[in-house]
Amino acid sequence: MKTLEDSKIFSWLHSRYDLSGILHLLYHKKVPVHKHTIWYYMGGVTLFLFLIQLLTGILLLMYYQPGENSSYESVRFIVNKVNFGWLIRNLHSWSANLMIFFAFVHMFSVFFTRAYEKPRELTWVTGVLLLVLAMVFGFSGYLLPWNELSFFATKVGTDIAGAVPVIGEGIRTVLRGGEDVTGATLSRFFGFHVAILPALFTIVLVVHLFLVQKVGMSEPDFFKKLPDEKKKFISFFPDFAIRDALLWLIVLYLLIFLALFFQWDLGIKADALSPAPTGIKPEWYFMFMFQSLKMLPPHLGFIEGEVFGVLFFGAAALAWMLIPFVKFNSKKYTKERIMLVLGTLVVLFIVSMTIIGYLL
Amino acid sequence: MGNNGRRKFITALLSIGGLGTFISAFYPVVKYMTPVKSGKPSVSSLKLGKLSDFAKNAWEIVRFGRKPLIIINDENGKLHALSAECTHLDCIVQYSKEEKMIICACHNGHYDLNGKNISGPPPRPLKQYKVNIQNGEIIITKKEDG
Ligand code: HEM
Ligand code: FES
């Protein structure tokens, strides 16, 4: 088989710029083959969906006009008038949701194989940051069509941010661009969504990918214990990469199928003087937090339920991010055991709160 | 001054200068992000038209300055004016004719017609406004205490 080094372009570049560093990053990595190899693909799928977001987002930008009197109208125009506009919008909306879904799957698979342990601590930290950024992406994008549901979801969401003690009011005002959710909020969210977040996300993503390439894939315990001759590997490049690419193609077709047959609703235009409709829901990936906040009593001792909830989730997210650095001194239980129980509880909590949120 | 000393000196200068520049850039950026107070004068009263035009057992949401108010004409013909912003998480409330209560659809909060929070998550009552009738015309004003 012809390899990269055989190509003329490559040798032209290589003789001038010495690309052995890049080659090393590509070739030195080996991907273990075992019954859980499938999880090694989840990050790649998430990456692919981000690239789709970038592409479809830029296309939407050609027609989208932020503003109280133009956001809703321009999205309606995209969906009804622009050639294939409905497709681009459906792709962007579906891919956003799939991207966050796969990011969650990726994170938990990394968690349960304890791949965050030394030397991958910072890979984990940057990964958690990416998930948070993706959720902020979703939250800010959700408002952009300026429909009733997104308007009230944003009112509620930003008001929750206001519950943070001391700095909450300030955060809320800066997010909203004023006291209330108005056209000023729309301008800001637009700026976050199409400029600040893509820049931040790209920077963290590059670090994340570099670390992954540099350190190589983690081996789960049962694989590590195998004698050397029983360990099977494939090379990252090209063997793993072509499998990755094939999966991307499959995901692309899944995405296109969803976008073709499941329209994303536009709803009715936001109106600051009409009462909130029933069934206000955040997007599914916020549901577990939203539902927990809803189930808290108005007052917990001396603090409001909301304040407690916000502080709790803030602290939990931070703790989750710092998990690789936690040390245990328990004689009774191994670290593996504790982490397994913790992870299972977290998954159970998220899944059950989400289900309750949709049933009630 | 040797090479080492020169490097130390330049590093110190760079650190102080860099830090100072960063801080002095930070302040205007934060200030820039802080929204400008709207120039609109705050409103102190609102005319709502003839009392006789307002049907019994009806309600509407109106704008009082920048704030939404809910105006309810209850079944006894008594008018109520309250802030329409739920004290829970800021959704706009509505009047439920069946329950004869103010409800918030976002998380099922309930208030009575005086704005008192009765059930659901709202932690505080809705702010009440004063309803005056002058020559058959409805005029809403802020209450002195708030
Ligand atoms: C990186 C470049 C991106 C650009 C330039 C971009 C641009 C846009 C634009 C212009 C809109 C408004 C049009 C519309 O509402 O249909 C939008 C909406 C939206 N975006 Fe993005 N976006 C990007 C990435 C993302 C990512 C990474 C996510 C989520 C993880 C995301 C989630 C959303 C959502 C949920 C909407 C609302 C869709 C709707 O209901 O119409 N976007 N985006
Ligand atoms: S915002 Fe009204 S009950 Fe939550």
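Note that the structure is a prediction, hence the values are computed from the model and not measured.

Asks: When you look at the overall build of chain A in this model, what are you seeing that I'm missing?
Replies: On a plain count of helices and strands, chain A comes out with 14 helices and 4 strands. What you see for chain A is a C-alpha radius of gyration of 23 Å, in line with the 21 Å of a compact globule of 360 residues. Viewed in the frame of its principal axes, chain A has a C-alpha envelope of about 70 × 60 × 40 Å. Among the 360 residues that make up chain A, the fraction classed as buried is 45%. Intrachain contacts of chain A at a sequence separation of at least 6 include 76% that bridge at least 24 residues. Accessible surface for chain A amounts to roughly 19,500 Å². Of this, 71% is attributable to carbon and sulfur atoms. Here chain A holds 31 positive side-chain charges and 24 negative ones, and the gap between their average locations is 8 Å.

Asks: I'm lost on the site of ligand 1 in this one. Help?
Replies: Residues and elements named next belong to chain A. Near ligand 1 lie 25 residues; those nearest to it are Leu 54, Arg 89, His 92, Gly 141 and His 193. Between ligand 1 and Gln 53 there is a distance of 3.4 Å, counted from a nitrogen atom to a side-chain nitrogen or oxygen. When contributions to the shell around ligand 1 are tallied by element, the ones reaching two or more residues are α3 (42-61), α5 (85-112), α6 (121-143) and α9 (183-215). Broken down by element, the residue count for the shell around ligand 1 peaks at 7 residues, all from α3.

Asks: Even after reading the chapter, I still don't get the state of the cysteines, so can you show me in this structure?
Replies: Put plainly, two cysteines are in a disulfide when a covalent bond ties their sulfur atoms together. Residues and elements named next belong to chain B. Applying the stated criterion across every chain, the model contains 1 disulfide over all chains. Here Cys 91 engages in a disulfide with Cys 106; their sulfurs sit 1.9 Å apart. With the S-S dihedral at roughly -80°, the linkage between Cys 91 and Cys 106 falls on the left-handed side. Placement of Cys 91 in the loop between β4 (79-83) and β5 (94-96) and of Cys 106 in the loop between β6 (101-104) and β7 (109-111) is noted, with a sequence separation of 15 residues between them. Judged by its relative accessible area of 1%, Cys 91 is buried. A relative accessible area of 4% places Cys 106 in the buried class.

Asks: Honestly, the coordination of the iron atom of ligand 1 in this entry has me stumped. Any pointers?
Replies: Ideal values differ by geometry: the angle at a metal is 109.5 degrees with four tetrahedral donors, but 90 or 180 degrees with six octahedral donors. All names here are of chain A. Taken together, the protein donors to the iron atom of ligand 1 comprise His 92 (NE2) and His 193 (NE2), at separations of 2.0 Å. In this structure, the iron atom of ligand 1 is surrounded by 6 donor atoms whose angles at the metal cover 88 to 178°, and the resulting shape is octahedral. Highlighted residues: His 92 in helix α5 and His 193 in helix α9, separated in sequence by 101 residues. Just as His 92 is buried, His 193 falls in that class too.

Asks: Looking at this structure, how should I read the environment of B:His80?
Replies: All names here are of chain B. Its place among the elements puts His 80 in strand β4. Measuring from C-alpha to C-alpha, the distance between His 80 and Gln 134 comes to 16 Å, with 54 residues separating the pair along the chain. Those residues within four positions of His 80 in sequence are excluded, and the remaining contacts are Ile 70, Ile 71, Ile 72, Asp 74, Leu 113, Asn 114 and Val 131. At a separation of 2.9 Å, a polar atom in the side chain of His 80 contacts the side chain of Asp 74. In this structure the side chain of His 80 is engaged in a polar contact, spanning 3.3 Å, whose partner is the backbone oxygen of Leu 113.

Asks: Honestly, the pairing of β4(B) in this entry has me stumped. Any pointers?
Replies: The side chains of a regular strand alternate, residue by residue, between the two faces of the sheet. Residues and elements named next belong to chain B. Counting buried positions along β4 gives 5 out of 5 residues, so the element sits mostly inside the fold. Judged from the 5 bridges that link them, strand β3 (residues 67-73) and β4 form a sheet pairing that is antiparallel. Along β4, the bridge assignment pairs Leu 69 with Ser 83. Where β3 folds back onto β4 in an antiparallel hairpin, the turn is made up of 5 residues, including Gly 77, whose phi is positive at roughly 80°. Where β4 meets strand β9 (residues 128-134), 2 bridges bridge the pair, whose relative direction is antiparallel. Note on β9: the bridge partner recorded for Ala 81 is Tyr 129.

Asks: Can you help me understand the confidence of the model for chain A in this one?
Replies: Residues shown with low pLDDT carry predicted positions that ought not to be read at fine detail. Summing up the model confidence of chain A, the mean pLDDT is 93 and the portion of residues at 70 or higher is 99%. When pLDDT is averaged over each element of chain A, α3(A) comes out on top at 98 and strand β3 (residues 299-300) of chain A at the bottom at 79.

Asks: Would you mind showing me how to read the packing of aromatic side chains here?
Replies: Within a pair of aromatic rings, the relevant descriptors are the distance that separates the centres and the angle that separates the planes. Residues and elements named next belong to chain A. Tallying each qualifying case throughout the model produces 37 aromatic pairs over all chains. Taking 5.8 Å as the distance between ring centres and 55° as the angle between the ring planes, the aromatic pair formed by Phe 139 and Phe 189 counts as tilted. Of the two residues, Phe 139 sits in helix α6 while Phe 189 sits in helix α9, which places them 50 residues apart along the sequence. Each member of the aromatic cluster is reached from another via a ring pair, and the members are Phe 101, Phe 102, Phe 139, Phe 189, Phe 192, Trp 284, Tyr 285 and Phe 286. It is Arg 16 that lies over the ring of Trp 12; its NZ or CZ is 3.8 Å from the centre. We note Lys 29 situated over the ring of Phe 236; from NZ or CZ to the ring centre the distance is 4.3 Å.

Asks: What should I look at first to understand the domain arrangement of chain B in this one?
Replies: Much of the literature gives interface size as the accessible area that the parts lose upon coming together. The domains assigned to chain B are domain 1 (1-37) and domain 2 (45-142). Put simply, the middle of domain 1 of chain B and the middle of domain 2 of chain B, counted by C-alpha atoms, are 53 Å apart.

Asks: Any chance you could explain the interface of chain B and chain A here in plain terms?
Replies: Across the contact, 25 residues belong to chain B and 29 residues belong to chain A. Carbon and sulfur atoms supply 58% of the area that chain B and chain A bury against each other, a total of about 2,200 Å² over both sides. Connecting chain B to chain A are 7 salt bridges. With a shortest N-O distance of 3.3 Å, B:Lys67 and A:Glu179 are connected by a salt bridge. Inspection of the region where chain B meets chain A yields 9 residue pairs in polar contact (both at pLDDT 80 or more). For the side of chain B that touches chain A, the element with the most residues is strand β2 (residues 58-64) of chain B, which contributes 4 residues. Here the side of chain B that touches chain A is built from residues that sort into 15 nonpolar, 4 polar and 6 charged.

Asks: How should the sheet that holds β6(B) be read in this particular structure?
Replies: Strand pairing within a sheet occurs via backbone hydrogen bonds; the two strands may be parallel or antiparallel. Residues and elements named next belong to chain B. Pairing within the open sheet is antiparallel, and its 4 strands lie in the order β5-β6-β7-β8. Among the strands making up the open sheet, the edge pair consists of β5 and β8 (117-119). Strand-to-strand twist in this sheet, taken as the mean axis angle between neighbours without regard to direction, amounts to 40°. Relative to β7, β6 is paired through 3 bridges, and the arrangement is antiparallel. By the bridge assignment for β7, Ile 102 is matched with Tyr 111.

Asks: Before we go on, may I ask you to explain the confidence of the model for chain B in this structure?
Replies: In the predicted model, chain B carries a mean pLDDT of 89, and the fraction of residues at 70 or more is 95%. Reported confidences for the modelled complex are a pTM of 0.90 and an ipTM of 0.81.

Conventions we followed
Residues numbered from 1 in each chain as written. Chains lettered and ligands numbered in written order. Predicted model: local features only at pLDDT ≥ 70, side-chain atom pairs only at ≥ 80, totals over all residues. Heavy atoms only, no water. Helix = DSSP H or I, 4+ residues; strand = E, 2+ residues; numbered from the N terminus. Rg over C-alpha atoms; globule rule 2.2 N^0.38 Å. Buried < 20%, exposed > 50% of the residue type's maximum accessible area, 1.4 Å probe, protein only. Contact = heavy atoms within 4.5 Å. Areas by Shrake-Rupley, 256 points an atom, 1.4 Å probe, with all protein chains shown as cover. Lys, Arg positive; Asp, Glu negative; His and termini not counted. Charge placed at Lys NZ, Arg CZ, Asp CG, Glu CD. Near = heavy atom within 4 Å. Polar contact = N/O pair within 3.5 Å; in protein donor to acceptor, adjacent residues only side chain to side chain. Disulfide = S-S within 2.5 Å. Donors = N, O, S within 2.8 Å, 3.2 Å for Na, K, Ca; no water. Tetrahedral: all angles 85-135°; square planar, octahedral: opposite > 155°, others 65-115°. Pairing = 2+ DSSP bridges. pLDDT = per-residue confidence, 0-100. Phe/Tyr/Trp six-rings, centres within 6.5 Å; stacked < 30°, edge-to-face > 60°. Lys NZ or Arg CZ within 6 Å of the ring centre and 35° of its normal. Domains from an automatic or database assignment. Buried area = accessible area lost by both parts, 1.4 Å probe. Salt bridge = Lys/Arg side-chain N within 4 Å of Asp/Glu carboxyl O. Nonpolar A, V, L, I, M, F, W, Y, C, P; charged D, E, K, R; others polar. Axes fitted to C-alpha atoms, helices over the stretch in contact; angles between N-to-C directions.

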